[in-house]
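What follows is each chain in one-letter form.
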Amino acid sequence: MGNNEIKELRYEWLCNSWDIGGKDDDTRRDGTIEAVIGETEFIEGFGKLNISSISEESITIESFNSIEHLTPGSFVSFRSEVDGHEDHDGVLWNGYVYYLKIYWD
């Protein structure tokens, strides 16, 4: 990538919300993020991703304890779980599972 070229990366985001009563709903969203060194915009379930390096061959993206190396024409995946309400017996009543794919088209 040239010095002044800002690359937009495409992403697909999915949130599966569930509850103990059998709810199982998916919400999907598509968008783009700019491939620039530093933190990206906030993405629900992942916070701000960190892009730590960019070259012609690879973009390094970090989320929580995961580091992925994105290459041209491919994608990287991230997954995150967030617990909802937990009762006094330790029973988890609901939660959210987030999935994120980032593409370098």
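Along every chain, residues carry numbers that run from 1 in the direction the sequence is written. A pLDDT threshold of at least 70 governs which residues receive local features in this predicted model, and a stricter bar of 80 or more applies before side-chain atom pairs are shown or counted, although totals over entire chains, interfaces and linings include all residues. Neither water nor hydrogens contribute to the side-chain values; these are computed over all heavy atoms in the structure.

Caption draft 1: Just the nonpolar core, in detail. Remark: nonpolar core denotes a set of buried residues (Ala, Val, Leu, Ile, Met, Phe, Trp, Tyr, Cys) joined through side-chain atoms within 4.5 Å. Relative accessibility under 20% of the residue-type maximum defines a buried residue, over 50% an exposed one, and the middle range a partly exposed one, all with a 1.4 Å probe and only protein chains included. L9, I61, L100 and I102 are the most contacted members of the largest nonpolar core, which totals 19 residues. Strands are runs of DSSP state E lasting at least 2 residues, helices are runs of H or I lasting at least 4, and numbering of each runs from the N terminus. Within the residue set of this core, elements represented by two or more residues are β1 (7-19), β2 (24-35), β4 (47-54), β5 (59-63), β7 (75-83) and β8 (94-103). The leading source of residues in this core is β1, at 4 residues. Discounting chain neighbours no more than four positions away, the residues touching L9 are G31, T32, I33, A35, I59, I61, L70, I102, Y103 and W104. Contacts are assigned to residue pairs that have any heavy atoms within 4.5 Å of one another.

Caption draft 2: Focus on the pairing of β1. By this definition, two strands are paired if DSSP reports at least two bridges between them. Bridging between β1 and β2 involves 12 bridges; their strand directions are antiparallel. Residue pairing in the sheet places L9 in a bridge with I33 of β2. Joining the antiparallel neighbours β1 and β2 is a turn of 4 residues, in which G22 adopts a positive phi near 110 degrees. Where β1 meets β8, 10 bridges bridge the pair, whose relative direction is antiparallel. Within β8, the residue paired with E12 across the bridge is K101.

Caption draft 3: Region of the structure containing the sheet that holds β5. The strand order across the open sheet formed by 4 strands is β3-β4-β5-β6, and the pairing between neighbours is antiparallel. Two strands in the sheet have a free side with no partner beyond their single neighbour: β3 (38-43) and β6 (66-70). Neighbour-to-neighbour, the strand axes of the sheet open up by a mean angle of 25 degrees, direction not taken into account. Bridge analysis of β5 against β6 gives 5 bridges, and the strand direction is antiparallel. Paired with I61 across the bridge in β6 is E68. Axis definition: a line fitted to C-alpha atoms, limited for helices to the stretch in contact. Angles are taken between N-to-C directions and run from 0 to 180 degrees.

Caption draft 4: Geometry of the packing of aromatic side chains. Between the rings of Phe, Tyr and Trp (Trp by its six-membered ring), a pair exists once the centres lie within 6.5 Å; its type follows the angle of the planes, with under 30 degrees stacked, over 60 edge-to-face, and the other angles tilted. Applying the stated criterion across every chain yields a total of 4 aromatic pairs. Residues F46 and Y98 carry aromatic rings whose centres are separated by 6.4 Å and whose planes lie at 70 degrees to one another, so their mutual orientation is edge-to-face. Note that F46 is positioned in the loop between β3 and β4 and Y98 in strand β8, a separation of 52 residues in sequence. The exposure classification of F46 matches that of Y98, with both residues buried. Ring geometry for Y96 versus Y98: centroids 6.4 Å apart, planes at 25 degrees, classification stacked. The class for Y96 is partly exposed, based on a relative accessible area of 32%. A ring is considered to have a charge above it if a Lys NZ or an Arg CZ atom is located within 6 Å of its centre and within 35 degrees of its normal. Sitting above the plane of the Y103 ring, R10 keeps its charged end 4.1 Å from the centroid. Here R29 stacks its cationic end above the ring of W13, 4.2 Å away from the centre of that ring.

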